Amino acid sequence: MLKTVVLVGMMGSGKTSVGKELAKSLNLDFIDVDHEIEKKCKKTIPEISIIICCYNHEKWIERCLRSILHQKNIKDNEYEVIIVDDNSKDNSFQIIKTQ
């Protein structure tokens, strides 16, 4: 008997909607991991750190940071961005400094 189903996907891809319906049809409990994390950490998901590893990723780091900075539903004081750069040989560090 199937006991656990885990749905993985990008934010807004429908995991919660599909998960609720799937749990109902399979007669299983539905657990939203975001809500569980929020309860355990006593913070909302936007208040959790965003960690970006960017070794030699100058091609995408600016786009990544821009997408974070332009989120409409998250205020600047509700999140922090931690960038891990292990001495990139490209311009990743310079791009990060300008953001």
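In case you missed it, the structure is sitting above this.
Residues numbered from 1 in each chain as written. Predicted model: local features only at pLDDT ≥ 70, side-chain atom pairs only at ≥ 80, totals over all residues. Heavy atoms only, no water.

A.B. asks: Can you break down the nonpolar core residue by residue, with the values?
C.D. replies: Counting nine residues, the largest nonpolar core is built from Ile52, Cys54, Ile61, Cys64, Leu65, Ile68, Tyr79, Ile95 and Ile96. Breaking this core down by element, the ones donating at least two residues are α3 (58-69) and α4 (92-98). The element contributing the most residues to this core is α3, with four residues. (Core = buried A, V, L, I, M, F, W, Y, C linked by side-chain atoms within 4.5 Å. Buried < 20%, exposed > 50% of the residue type's maximum accessible area, 1.4 Å probe, protein only. Helix = DSSP H or I, 4+ residues; strand = E, 2+ residues; numbered from the N terminus.)

A.B. asks: So, a nonpolar patch on the surface: which residues are in play, and what are the values?
C.D. replies: A surface patch of nonpolar side chains, amounting to about 290 Å² of accessible area, comprises Val5, Leu7, Val18 and Leu26. Within the secondary structure layout, Val18 lies in helix α1 (residues 15-26). (Patch = residues over 30% accessible without salt bridge, like charges linked within 9 Å, V, L, I, M, F, W, Y side chains within 5 Å. Areas by Shrake-Rupley, 256 points an atom, 1.4 Å probe, with all protein chains shown as cover. Salt bridge = Lys/Arg side-chain N within 4 Å of Asp/Glu carboxyl O.)

A.B. asks: Pulling in residues and values, what's your account of the side chain of Asp90?
C.D. replies: Relative to the helices and strands, Asp90 is located in the loop between β2 (81-84) and α4. For Asp90, a relative accessible area of 18% puts it in the buried group. A polar contact is formed between the side chain of Asp90 and the backbone nitrogen of His57, at a distance of 3.2 Å. Excluding its chain neighbours within four sequence positions, the residues that come into contact with Asp90 are Asn56, His57 and Glu58. (Polar contact = N/O pair within 3.5 Å; in protein donor to acceptor, adjacent residues only side chain to side chain. Contact = heavy atoms within 4.5 Å.)

A.B. asks: For helix α2 (residues 33-41), give the residues involved together with the corresponding values.
C.D. replies: Of the residues that open α2, the one with a side-chain oxygen 3.0 Å from the backbone nitrogen of Asp34 is Asp32. At the C-terminal side of α2, Lys42 shows a positive phi close to 55°.

A.B. asks: Help me get a handle on the side chain of Asp32, residues and values and all.
C.D. replies: Mapped onto the elements of the fold, Asp32 is located in the loop between α1 and α2. The buried charged residue Asp32 lacks any salt bridge partner; its closest oppositely charged side chain belongs to Lys20, at an N-O distance of 6.3 Å. (Lys, Arg positive; Asp, Glu negative; His and termini not counted.)

A.B. asks: Can you tell me about the pairing of strand β1 (residues 50-53), naming the residues and giving the values?
C.D. replies: In this sheet, β2 lies alongside β1 in parallel orientation, the contact comprising four bridges. Its bridge partner being in β2, Ile52 is matched across the sheet by Ile83. For the segment spanning β1, α3 and β2, crossover handedness is right-handed. (Pairing = 2+ DSSP bridges. Right-handed = clockwise from strand over helix to strand, strands pointing away.)

A.B. asks: Describe α1, naming the residues involved and giving the relevant values.
C.D. replies: In this model, α1 (twelve residues) spans 16 Å end to end at C-alpha, consistent with the 16 Å of a helix rising 1.5 Å per residue. Looking one or two places after α1, you find Asn27, whose phi comes out positive at around 60°. (Expected span 1.5 Å × (residues − 1).)

A.B. asks: Which residues make up unusual backbone geometry, and what values do they have?
C.D. replies: Glycine aside, a negative phi is what most residues show, and trans is what most peptide bonds show. Of note, the phi angle at Asn27 is positive, near 60°, even though the residue is not glycine. Take Asn27: it is sitting in the loop between α1 and α2.

A.B. asks: Tell me about the pattern of salt bridges, and name the residues and values.
C.D. replies: Under the definition given, this model contains one salt bridge. Glu36 is paired through a salt bridge with Lys39; the nearest N and O atoms lie 3.4 Å apart. One end of the pair, Glu36, and the other, Lys39, are both in helix α2, three residues apart, so they sit about a helical turn from each other. Judged by relative accessible area, which is 37%, Glu36 ranks as partly exposed. Its relative accessible area of 58% is what places Lys39 among the exposed residues.

That is the geometry; function is a separate question.
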